[in-house]
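# Working through the structure, step by step
What follows is the residue order along each chain.
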Amino acid sequence: MASDSRESSSANIQIKRTVLLKSGVEVKVNDHVYVSPSWSTREGTPYSIGRIMEFLRPEGSSSSFDFDALPYTRVRLAWYYRPRDVSDRPAGDSRLLLAAIYSEICDINQVRAKCFVVHRNKISDLAGWKKRPDRFYFVRLFDPYLKKEFEIVQTTDVTNVPEHVRNTLVERYEYVAAEKEVVPDLTDALRVCDTCIVWCANLESVQCDRCKKYFHMHCVQPPLQAKPSRGYGWTCAPCSRRHEEEVDSRAAVRHATPVTAKPPLKSNAPAPRGRGRPRKDRTQAEKEENFPVKHFRLWPFRYFGQYTLVGDTLDPEDLIFPRAATRVGPKYQVTGIPDNGSPHLGPDEERGGDKTVEVLGAVNDFTPAEMSEMEACLRTITNDEKSRSSVDFLTEVVRQFSDATLNGKSLSSVTYKTLNTPRIEKWKAQPTRHYTDKEWSREEIVAFEDAIAVHGAELRAVRDEVVVRSIYEVVRFYGHWKNSKLGEENERIRTYGRPSTPIPSIQSNSKPDGLNNCQTIGLDDDESSIIVPPSKAPACGACRTRDSKIWWKAPKGLQSNILCDSCGVNYRKYADLNMRPTRDESTPAVGVVPSGSGQGSVTRGRPNGSGSTTAEKREGTPLVGPASKRSKTASSVTSTPPPPSSNVPQLSCCACSRNGPVGKVIKCKNCGFSVHAASIGTTLSADKLDDWRCDLCENEEEQEASIYHDCLLCPRPRGTAHIRSGSYLRACKVTESHGWAHVLCSVFTPEINFTDSSTMRSVEGITSIPHKRWITQCVICQQKGGAVIKCNDCYKEYHASCAWNQGHTFGFEIQPVRHRVDTTSEHCLKSSSFQVKGTRKETHITTMFRGEPGCMNAIVSCKGHDHSRRQIYEICDTDDGGESALQVYCRAYKQVPPQVNQTHALLRKARRLDQLIAVRPEHALTNNTSSEDLECVKCLTQFTPKFYHTESGWMCHACNFKPPTNHDVPIVTPDKSQSPTMQPDSMLVSAPDVLVN
């Protein structure tokens, strides 16, 4: 950018032309414009917005004799970003922009139209400003290199700086950019050291907690080496001494901390008005549009934040770009000495001695006799003139001659063999190889030059083309090859002279007028974006209207490839298809009719049902409002709501069957499984989207868990099981026993928890599911063996995976806490706890989703039930923060409790197993019953780890859990006098004496 500024400096002193758009509007320096290439080149993206910094003539024409007659062909633009360009967060305001200290030179014919961009503090009526077309505003600055946003403050509001620095800022710039945490310090009152009466910088000063005075850290006694840590305060010596006297006199009084009210942010906005008709102050609007802004070297702002030295801002050459913390210091650099390296550096030697310094230029101290000897030895080493003039050869020769002189050796000891012998250098773990590479063949040079023509200076890509050479050889050869090309060019210039620079051709649509000194610019691209309407009435891809005088091309991802005039212009200018139509104050809007989705759409002169034209919109009424307050003369045409606009490829989620942009919907590169990232607890950066693999595919390579992917909560599959990549059941998580469980089954089974609910890793609690749920038959698959769940609206019980395949309803419901919670619900029992302290007050874990607070319950209901009167959120439904309903539920109710999570996972599993096999006092054996008297009624064995009491009698562990067969098993009725009395279906865990040795 700096080089481009020097390039164009000569053009600024020449005769300037008047630049007109095709519409006849004049554009000047510092005007804001829409900029965009042709539709096919930009691939359907909206217009960009920039500020004209300067107009430039053809490149390389500054030395032309008729320079003044040349028209402008280029323009330097300072770009603005839209919030959605730099972040995935949904942007609710399409008029909000992000400023940037970043400029580019573009073709002047890419300028489309004029717009207005001002700072928020310069706007008196923001709502009225946004209602007007082509109006934008900004409040923050985005740096594309640091990927960080900064607050923008007016220079007149910066008060906590020295007076001469503040005057310089106010004189040069209109705004300064700083970090959010630095803005309060900049806008505070001037801070002066109480000792030296000099301004206190924030990083070099401390504030007394009692008297609220500021001091330099080097002005206090003793000087402070660092500022107090976060959460700690500091008091000056007089305040500390006064506090000690108060404590000693036992009359210490607790002084209230004075609270200094911060002055309100300065703004030129008038006092708030009451409700009523909007104000029509055209003079104020024109004043805001043409507000004068100071520029210094083409920029209205500079960085003045945490990492700025205040004194450097006085230098006109100081960089104005945002900067980050330095990377100098032990945190980023090695301060220790490596173990391997030069043999001269021993563990007992200190750095900086004679043996730790490598002398490369000892030849400078040679006597004339030694210089003659060195020249003679150099001729004996090689006679190749090319090698003797090589930089690598001479560097190695000088190093070995110097080393031989320092070690008392003869110069003749340096030979061609020693030059090619690998040697060990300081601070290098591996020996340095030969100083020269093997000669490149003609075929290798041709392949190298072809790769350079394709990839440029990307030498790693060049190395892939030149297979036989390493990257180090390619880098070294690139330097020699580039120097040889420059040498050939310099030789041609010395022989034939410098060639004359041809004047570049001028675009035919840039037409200068020699008489009026004017120039008309713009692309003939409107015709390529406007579509001739077909014979059949088309439908807009956003608002679904069929009435429009002009049809525009639509971006990819919509239901149709065309947009109406209103949606087409709104998309190109504001990048928002859902934006309500704007109306200019000079031409009132007509034909505003409500749509079925509650958003307004514009029809121009469209007749209503009675044959009369629609009435004009009454001035002062909102464009979009309740149906009862709209004009009753306009007929409503039912239309589908517009789909979300997207300029990125769309992927279909297998959980909700809805499309979403790449990033929100991720796709496995191995199996093609695509799902919303929020529905499986995955967070990816933009550079890892293409390399993402699902948990099952990743385990196939790493094999950290079981290679059998059967869900432990589902019945065992019959035959070879294969999970389709197009099903949500492909989403599985590892259990604590290194098995697998469906995300769906884990979330909707009440007893299951996650070690980390944010990523849904490590499923826990499978052993805590009651035994009855394992042996209950599923009403869908008619199988036993998996943990069933119960429908929330009927008595049916089924597996979660079977219910999903059957199309049942899965979702989440917010139940208000002010109503009595149904404590019979398993999910409510999961999310509620009871405090028994003499009262019957119940406490519940509450959360909030989409602004609705309450107790969140996981709902599984048969597809035949009516859910029209209930608000059930689907799995992939997200709130304003981008968090899905499934994530909110897991974070509130599926996380292992903190007091339990502090223990190890194996210990938690052991405690659950202990509870499973724990001896219940009420089921203990009676005194007259011993383990030797117990016998299984089926297999008649007396040897088993545990006995279970059933209706038929005592059973061993194997028979109790053995599936029933069709044939009858003879039942032996035990002696009731020797068996304890227990309730049916209860389990008896024998004491240690029951175990048979």
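On a predicted model such as this, the values are computed, not experimentally measured, just so you know.

This brings us to the overall build of the chain. Per the secondary structure count, the chain includes 26 helices and 38 strands. Looking at the 997 residues of the chain, the share that counts as buried comes to 40%. Taking contacts inside the chain between residues at least 6 apart in sequence as the whole, the part at least 24 apart equals 60%. Here the chain displays about 58900 Å² of accessible surface, and carbon together with sulfur accounts for 51% of that area.

Another point: the side chain of N109. The topology assignment puts N109 in the loop between β6 (96-107) and β7 (111-119). The class of N109 is buried, set by a relative accessible area of 1%. At 3.4 Å, the side chain of N109 forms a polar contact with the backbone nitrogen of G522.

The terminal C-alpha atoms of helix α15 (residues 471-496) lie 37 Å apart, and with 26 residues this matches the ideal 38 Å at 1.5 Å per residue to within 8%. Taken residue by residue, α15 has I471, E473, V474, F477, Y478 and W481 as its buried positions. Those residues of α15 that are buried lie in contact with α13 (442-455) and α14 (459-465).

The next subject is a nonpolar patch on the surface. A cluster of nonpolar side chains, contributed by L190, V192 and I197, occupies part of the molecular surface with about 270 Å² of accessible area. Tracing the backbone shows V192 in the loop between α6 (183-186) and β11 (205-207). Take V192: its relative accessible area is 31%, and that puts it in the partly exposed class.

This part is about the nonpolar core. Membership of the largest hydrophobic core comes to 65 residues, with the highest contact counts inside it found for L713, Y728, V747, F748, F812, M856 and I875. Among the secondary structure elements, those contributing two or more residues to this core are α18 (695-702), β25 (732-734), β26 (740-742), α19 (743-748), α21 (800-806), β31 (809-815), β35 (852-861) and α23 (885-893). When residues in this core are grouped by element, the largest group, six residues, is from α23.

All right, on to empty space enclosed by the protein then. All chains considered together, the criterion is met by two cavities of 30 Å³ or more. By volume, the largest cavity is sized at about 60 Å³. In terms of lining residues, the largest cavity is bounded by F673, I680, W692, C694, D695, L696, R730, A731, C732 and K733. Taken together, the residues of the lining of the largest cavity sort by class into seven nonpolar, no polar and three charged. If you go around the second largest cavity, the residues you meet are R172, Y173, F296, R302, T313, D315, P316, D318 and I320. Grouping the amino acids of the lining of the second largest cavity by side-chain chemistry returns four nonpolar, one polar and four charged.

A few words now on the sheet that holds strand β18 (residues 562-563). If you walk across this open sheet you meet the three strands as β16-β17-β18, and the pairing is antiparallel. Because the sheet does not close on itself, it has two edges, and the strands there are β16 (530-531) and β18. As judged from the two bridges shared by strand β17 (residues 551-553) and β18, these two strands associate in the antiparallel manner. Across the sheet, W552 pairs through a bridge with L563, a residue of β18. Contacting β17 and β18, helix α17 (residues 565-574) runs over the sheet at an angle of about 40 degrees to β17.

Closest axis-to-axis distance for the α13/α15 pair is 12 Å, and the angle between their directions is 80 degrees. With respect to each other, α13 and α15 are oriented roughly perpendicular. Taking contact as the criterion, the partners of I445, F448, E449 and I452 in α13 are, on α15, V474, F477, Y478, W481 and K485. In terms of residue class, the contact of α13 with α15 is built from seven nonpolar, no polar and two charged.

Okay, the confidence of the model for the chain next. Scored by pLDDT, the chain comes out at a mean of 75, with 70% of its residues at no less than 70. Overall, residues 1-13 carries pLDDT values under 50, and its contacts beyond four positions in sequence, including any with other chains, amount to 16 contacts. Note on residues 340-349: pLDDT under 50 across the span, and 15 contacts to partners over four residues away in sequence or across chains.

Remark: helix α9 (residues 368-381) packs on helix α11 (residues 391-406), axes separated minimally by 12 Å, with the N-to-C direction vectors making an angle of 130 degrees. One way to sum up the angle between α9 and α11 is to call them oblique. Note on packing geometry: the crossing formed by α9 with α11 is right-handed. Along its contact with α9, which presents M374, C377, L378 and I381, the element α11 presents F393, V397 and F401. Among the residues forming the contact of α9 with α11, the class breakdown is seven nonpolar, no polar and no charged.

The strand order across the open sheet built from four strands is β34-β35-β31-β36, with neighbouring strands paired in antiparallel fashion. Bordering the open sheet on either side are β34 (847-849) and β36 (872-873), each of which pairs with just one other strand.

This part is about the packing of aromatic side chains. Tallied over the entire structure, the rule returns 25 aromatic pairs. For the pair Y34 and Y47, a centre-to-centre distance of 5.9 Å together with 50 degrees between the ring planes defines the contact as tilted. Highlighted residues: Y34 in strand β3 (residues 32-35) and Y47 in the loop between α2 (39-42) and β4 (48-56), separated in sequence by 13 residues. We note that Y34, like Y47, is buried. Consider the rings of Y102 and Y145, whose centres lie 6.3 Å apart with planes at 70 degrees: the pair is edge-to-face. Of this pair, Y102 sits in strand β6 while Y145 sits in the loop between β8 (135-143) and β9 (148-154); the two residues are 43 residues apart in sequence, bridging distant segments of the chain. Above the ring of F296, the side-chain terminus of R172 is found at 4.8 Å from the ring centroid.

This brings us to the pattern of salt bridges. The full count for this structure, using the stated rule, is 26 salt bridges. A salt bridge links E174 to K122; the nearest nitrogen and oxygen atoms lie 3.5 Å apart. Pair noted here: E174 is in the loop between α5 (163-172) and β10 (175-178) and K122 is in the loop between β7 and α4 (126-131), with a separation of 52 residues, a long-range link.

What follows deals with the pairing of β4. Of all nine residues making up β4, eight are buried, and the element is well covered by its neighbours. Of the strand pairs in this sheet, β4 and strand β5 (residues 74-81) are connected by seven bridges, and their pairing is antiparallel. Its bridge partner being in β5, F55 is matched across the sheet by V75.

Let's shift gears to unusual backbone geometry. For the peptide bond that leads from Q221 to P222, omega is -5 degrees, which places it in the cis range. By the secondary structure assignment, P222 is in the loop between β12 (214-216) and α7 (237-248). One non-glycine residue, L298, lies in the positive phi region at around 75 degrees.

What follows concerns the state of the cysteines. For the structure shown, the criterion picks out zero disulfides. Unpaired in terms of disulfides, C567 finds its nearest cysteine sulfur in C564, a separation of 3.5 Å. Of the cysteine sulfurs around C714, a residue in no disulfide, the closest is that of C745, at 3.6 Å.

Let's shift gears to the environment of K556. Topologically, K556 is positioned in the loop between β17 and β18. Between the C-alpha atoms of K556 and G44, which are 512 residues apart in sequence, the distance is 7.5 Å.

In the sheet, β8 pairs with β9 via four bridges, with the strands oriented antiparallel. Opposite L141, over in β9, you have F150 as the bridge partner. Adjacent in sequence and paired antiparallel, β8 and β9 are bridged by four residues, among which K147 carries a positive phi angle near 55 degrees. Note: β9 against β10, four bridges, orientation antiparallel. Each residue of the ladder has a partner; that of I152, found in β10, is A177.

With that settled, consider the environment of K148. Examined against the element boundaries, K148 turns out to sit in strand β9. On a C-alpha basis, the gap between K148 and P322 in space is 9.3 Å, while along the polypeptide they are 174 residues apart. Among residues more than four places away in sequence, those in contact with K148 are L141, F142, D143 and E179.

Reading the values: rules and limits
- Residues numbered from 1 in each chain as written.
- Predicted model: local features only at pLDDT ≥ 70, side-chain atom pairs only at ≥ 80, totals over all residues.
- Heavy atoms only, no water.
- Helix = DSSP H or I, 4+ residues; strand = E, 2+ residues; numbered from the N terminus.
- Buried < 20%, exposed > 50% of the residue type's maximum accessible area, 1.4 Å probe, protein only.
- Contact = heavy atoms within 4.5 Å.
- Areas by Shrake-Rupley, 256 points an atom, 1.4 Å probe, with all protein chains shown as cover.
- Polar contact = N/O pair within 3.5 Å; in protein donor to acceptor, adjacent residues only side chain to side chain.
- Expected span 1.5 Å × (residues − 1).
- Patch = residues over 30% accessible without salt bridge, like charges linked within 9 Å, V, L, I, M, F, W, Y side chains within 5 Å.
- Salt bridge = Lys/Arg side-chain N within 4 Å of Asp/Glu carboxyl O.
- Core = buried A, V, L, I, M, F, W, Y, C linked by side-chain atoms within 4.5 Å.
- 1 Å grid on protein atoms, 1.4 Å probe; cavity = no way out; pocket = protein on both sides within 12 Å on 5 of 7 lines; lining within 4 Å.
- Points joined across faces, edges and corners; volume = space filled by probe spheres on them.
- Nonpolar A, V, L, I, M, F, W, Y, C, P; charged D, E, K, R; others polar.
- Pairing = 2+ DSSP bridges.
- Axes fitted to C-alpha atoms, helices over the stretch in contact; angles between N-to-C directions.
- Parallel < 35°, antiparallel > 145°, perpendicular 65-115°, else oblique.
- pLDDT = per-residue confidence, 0-100.
- Left-handed = near helix turned anticlockwise from the far one by under 90°.
- Phe/Tyr/Trp six-rings, centres within 6.5 Å; stacked < 30°, edge-to-face > 60°.
- Lys NZ or Arg CZ within 6 Å of the ring centre and 35° of its normal.
- Disulfide = S-S within 2.5 Å.

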